[in-house]
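Here is how the chains run, residue by residue.
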Amino acid sequence: MSTAELSGSGSIPPEAAGYLAQAVALAVQNVGSAGGPFGALVVAPDGRVFEGTNRVTASNDPTAHAEVVAIRTACTGLESFDLTGCVLYSSCEPCPLCLSAALWARLDRIYFAADRHAAAAAGFDDAAFYEYIHSYSGAAAGSDLLPVEQVLVPESVEPFRSWAALDTRTDY
C-alpha cells in the first residue's frame, strides 16, 4: 500500500501502513482468542516491535486494552518506563485510558486505523468518557502534547466485522 492510499492529515511515514495492517491483523486474530477486537504495536527506534491485544474479558482486567498491553510489553522489553522515541500503532483510535497511558509512557506519536465512531458502531462507545474528560479540561488538548493521527487502511474496520460475527464474544 502506498502513502497516497492512506487518509489522514500530515506526512505519513512509509512504514505506517505496514504496522497498522499488522495491528489490525492482531485485532482480528484476537477476536478468535477470547479477546476484544483491538490490536496495537509499539515500535522502538531500533526497530523492535512489541505487540499487545485486548484481553479485558479474557483476563477480567478492565485496563488490559491492546495499547496498554503493548506499552507494558515494550516497557518490559526495553527495561524502561520511558518510551521516548517509540511510536504506537493501534487498530483503533485510543480511548482516554490508552491515550493517558501513551502520554505517561512518553511515546513520540500515535497512528490509528479505525476511529471511535467505528468502535461505537460495534458496541464500544467511549463517547461518555471523552465527554467526561473534556468537561474537566475546558478545551481540547493541544496536538503539540502528543501528535495523534488517524490513518485509514482498507482493513481498518475488519476487526469489528470479525467481532460482530463471533457468536461466543463477551460484550463489555
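Residues numbered from 1 in each chain as written. Predicted model: local features only at pLDDT ≥ 70, side-chain atom pairs only at ≥ 80, totals over all residues. Heavy atoms only, no water.

Per an unreviewed UniProt entry, the protein chain is named Nucleoside deaminase, and its organism is Arthrobacter hankyongi.

**Student:** Got a minute to help me understand the side chain of Glu-67 in this structure?
**Tutor:** Examined against the element boundaries, Glu-67 turns out to sit in helix 3 (residues 66-78). Within the structure, Glu-67 has its side chain in polar contact with the side chain of Ser-90 (distance 2.7 Å). Setting aside residues up to four positions removed in sequence, Glu-67 forms contacts with Ala-40, Leu-88, Ser-90, Cys-92, Pro-94 and Cys-98. (Helix = DSSP H or I, 4+ residues; strand = E, 2+ residues; numbered from the N terminus. Polar contact = N/O pair within 3.5 Å; in protein donor to acceptor, adjacent residues only side chain to side chain. Contact = heavy atoms within 4.5 Å.)

**Student:** Is there a simple way to explain the packing of helix 3 against helix 4 (residues 96-105) in this structure?
**Tutor:** The description of two packed helices rests on the angle between their axes and on the distance between the axes. Relative orientation of the contacting elements helix 3 and helix 4 amounts to 20°, with a least axis distance of 8 Å. In terms of orientation, helix 3 and helix 4 fall into the roughly parallel class. Between helix 3 and helix 4 lies a crossing whose hand is left-handed. Where helix 3 approaches helix 4, its residues Glu-67, Val-68 and Ile-71 are matched on the opposing element by Leu-97, Cys-98, Ala-101, Ala-102 and Ala-105. Here the contact of helix 3 with helix 4 is composed, by residue class, of seven nonpolar, no polar and one charged. (Axes fitted to C-alpha atoms, helices over the stretch in contact; angles between N-to-C directions. Parallel < 35°, antiparallel > 145°, perpendicular 65-115°, else oblique. Left-handed = near helix turned anticlockwise from the far one by under 90°. Nonpolar A, V, L, I, M, F, W, Y, C, P; charged D, E, K, R; others polar.)

**Student:** Would you mind going over the confidence of the model for the protein chain with me for this structure?
**Tutor:** Residues of the protein chain with pLDDT of at least 70 account for 88%, and the chain-wide mean is 88. Predicted confidence is poor over residues 1-7, with pLDDT under 50, and the contacts of this stretch with residues over four places away or in other chains come to 15 contacts. (pLDDT = per-residue confidence, 0-100.)

**Student:** Sorry, what's going on with the pairing of strand 1 (residues 39-43) here?
**Tutor:** Within a regular strand, side chains alternate between the sheet's two faces. For strand 1, the buried fraction is high: five of the five residues fall into the buried class. By the alternation rule, side chains of strand 1 split into Gly-39, Leu-41 and Val-43 and Ala-40 and Val-42, which are all buried. Here strand 1 pairs with strand 2 (residues 49-53) via five bridges, running antiparallel. Residue pairing across strands places Val-42 opposite Phe-50, the latter belonging to strand 2. What sits between strand 1 and strand 2 in their antiparallel hairpin is a turn of five residues, with Gly-47 showing a positive phi close to 95°. Strand direction decides the pairing type here: strand 1 and strand 3 (residues 87-92), joined by four bridges, are antiparallel. The residue of strand 3 that forms the bridge with Leu-41 is Tyr-89. (Buried < 20%, exposed > 50% of the residue type's maximum accessible area, 1.4 Å probe, protein only. Pairing = 2+ DSSP bridges.)

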